[in-house]
Structures are given as structure tokens and as C-alpha cells.
Amino acid sequence: MTHSAARLGIGGPVGSGKTALIEGIVPMLMAQGIEVAVVTNDLLTTEDADRLKRKGFLPAERVIGVETGSCPHTAIREDPTMNQLAVQDLELLFPQLDLILIESGGDNLASTFSYELVDAYMFVIDVGAGDDIPRKNGPGFVQSDLAVVNKIDIAPYVGADLGLMRQQATQYRQGKPVVYTNCKTAEGLDEVVAFIQETLLFGRQMGQPSTQPSAQPPSTQQTSTQQTSTQQPAGQQPATENLIGSYS
Ligand SMILES: Nc1nc2c(ncn2[C@@H]2O[C@H](COP(=O)(O)OP(=O)(O)OP(=O)(O)O)[C@@H](O)[C@H]2O)c(=O)[nH]1
Ligand SMILES: [Mg+2]
């Protein structure tokens, strides 16, 4: 294997706009020649995967729905085995992949990704959930590599003070990046794509496999991503025997 695809987690509360963000950024990345695939997580269905397949901007084989069947954070942090298998299958089927997006099931503000599963992750919140979310200091929002404050278009209708959110998001994230998006109009999505390119895709643009090691997470919480991302998790079958198998 010449390289493994970069892996980007997308977490955040239920309905904050994680899938809408994927629907917005994937065509933008593809237009730049980036080879993309997506893994979605839902509790008991493949709802988000089916939705992305229906949209049709990616071949259906590049979208895998994982049914976590438990607390969503378990499948992205404590035991990411199902997601690791889905990623391995995508890499075997599509060795040219540059980037695999992994959407978590909707969860609470404590939801963080294991860096054994992803190289970096975004955390998406929705201004409709309240302009006090940034100062609640939730680990998902505060520790993520990129925070996304989505649905800025509805701020006037829900009484959310965007200026306050900007000030407190910057303060609580201690300078780590925050972008403000409207997935209905694509406002701010160019900044999300720029983050992905700068953080994960250096040397991989235009479908060119990188000769460099897999991208390192920008966060200081990085542990052993590169080592574990190419290793078979202990006690599992080789990925070839699980190819497009069950993810529930
Ligand atoms: N007004 C507005 N609505 C949005 C925006 N982004 C997403 N939505 C809507 O918010 C709802 C939830 O969006 P999803 O993308 O399904 O949210 P999600 O985070 O993937 O949801 P789960 O996967 O169920 O946790 C949908 O009705 C979207 O159309 C936005 O920027 N502005
Ligand atoms: Mg979703």
C-alpha cells in the first residue's frame, strides 16, 4: 500500500448539520480533484448513508453506513472497531482515496474522537441550540481541531447573539480555529475546505498519492495515529475477509 487516506471525523449534537456539511463540502473537494469517501454513523439505521447515496454526488460504493447500536461516542472513541473496518474496506476498494470523512451519530458536547480512528476532527454546533454553547466548555467543541458554528442564518430568529458566540468560541478554544457556516447557502464552507486542505491534504491534491507519512493531527493530543491506522486491530479478521460486510 503506497498510502492510506487521511481521515477526518465530524462530530456534534443531533441535527446540528453534520450531514448537510458533508453534502456541501464533498462536491467542493471533488471539484479540486480530491478522491473522497464517507462513513456515516447512526444508532439503528443507515439513514445518513442512504441520504448521501440518494444525493448521488458520490458513487454509492463510496458511502458506508455504520449502525452503532449504542452510544454514538463509543463507536468513535472507546471502541472504534466498526468504523476502522469500514475505513479499511473503503481503502481496499478505492486505493486512490485521499480523504475519508467519518460522521459520528449525533451526541452531546462531550463527544470526542479517538486519534486512533481519525487524523483530525471537526465539531459542529447549531446556533439554534443556544448562544451559550461555546462557554459550556464541552470537550467536543473545545478540543476539536476545527469548530463549526452552523446555521448562522437562523440566529436572528432564535435570538442567538452571534457576536457573543464568536467572542466566547475564540476565548474557550484558546485560538484554535472556528468557522461560521450556513449550509443552505454554502457560506463559510470554503473555509472548511481550506482547513481540510491545509491540515490533511498537503501533497495529496489532484488525486496524487502522497509519498509522505499520513498527516499528523494538529492537536497536541496526538498519540499514535500513524502507527495504528495501518495496523489490524487486535483480534480482528483481515479487512479482506470483511469487505463490505456488516457494520451493525
Ligand atoms: N437553516 C439552516 N438549516 C440547516 C443548516 N444546516 C443544516 N440544516 C438543517 O438542519 C437539519 C439537520 O441537518 P442534518 O445535516 O441532518 O444534521 P445532522 O447533524 O447530520 O443530524 P444527525 O445526523 O441526525 O445528528 C436539516 O433539516 C437541515 O436541512 C443551516 O446552515 N441552516
Ligand atoms: Mg447526520
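The text that follows walks through the structure, step by step, so that each part is easy to find. Note that the coordinates shown come from a computational prediction; the quantities given were computed from them, not determined experimentally. (Residues numbered from 1 in each chain as written. Chains lettered and ligands numbered in written order. Predicted model: local features only at pLDDT ≥ 70, side-chain atom pairs only at ≥ 80, totals over all residues.)

Side note on unusual backbone geometry
- Unusually for a residue other than glycine, Asn-137 sits at a positive phi of about 65 degrees.
- On the secondary structure map, Asn-137 appears in the loop between strand E5 (120-126) and helix H5 (139-143).
- Overall, the presence of 12 C-beta atoms within 10 Å leaves Asn-137 in the exposed class.
- Residues other than glycine seldom take positive phi values, yet Lys-151 does so here, at roughly 65 degrees.
- With respect to the helices, strands and loops of the structure, Lys-151 is situated in the loop between strand E6 (146-150) and helix H6 (155-158).
- Residue Lys-151 is classed as buried on the basis of its C-beta count, with 24 C-beta atoms lying within 10 Å. (Helix = DSSP H or I, 4+ residues; strand = E, 2+ residues; numbered from the N terminus. Buried ≥ 20, exposed ≤ 12 C-beta atoms within 10 Å, placed from the backbone.)

Considering the site of ligand 1
- By nearness alone, 17 residues border ligand 1, and Gly-17, Lys-18, Thr-19, Ala-20 and Gly-106 come closest of all.
- Per element, the largest residue contribution to the shell around ligand 1 is three residues, and it comes from helix H1 (residues 18-31). (Near = placed C-beta within 6 Å.)

Thoughts on the environment of Gln-197
- Tracing the sequence through the fold places Gln-197 in helix H8 (residues 189-200).
- Spatially, the C-alpha atoms of Gln-197 and Leu-29 are 9.0 Å apart, while their sequence positions differ by 168 residues.

Some thoughts on the nonpolar core
- Grouped together as the largest cluster of nonpolar side chains are 62 residues, with contacts concentrated most on Leu-8, Leu-99, Ile-100 and Val-148.
- When residues of this core are assigned to their parent elements, the largest contribution, six residues, is made by E5.
- Beyond its immediate sequence surroundings of up to four residues, Leu-8 is in contact with Leu-99, Leu-101, Val-118, Asp-119, Ala-120, Tyr-121, Met-122, Ile-196 and Leu-200. (Core = buried A, V, L, I, M, F, W, Y, C linked by C-beta atoms within 7 Å. Contact = placed C-beta atoms within 7 Å.)

Comments concerning the environment of Gly-11
- The topology assignment puts Gly-11 in strand E1 (residues 6-11).
- Here Gly-11 falls in the buried class, since 29 other C-beta atoms lie within 10 Å of it.
- Taking the C-alpha atoms as reference points, Gly-11 and Ile-102, separated by 91 residues in sequence, lie 8.5 Å from one another.
- In this structure Gly-11 touches Ile-76, Ser-104, Asp-107, Ser-111, Phe-113, Tyr-121, Phe-123 and Gly-140, once residues within four positions along its chain are discounted.

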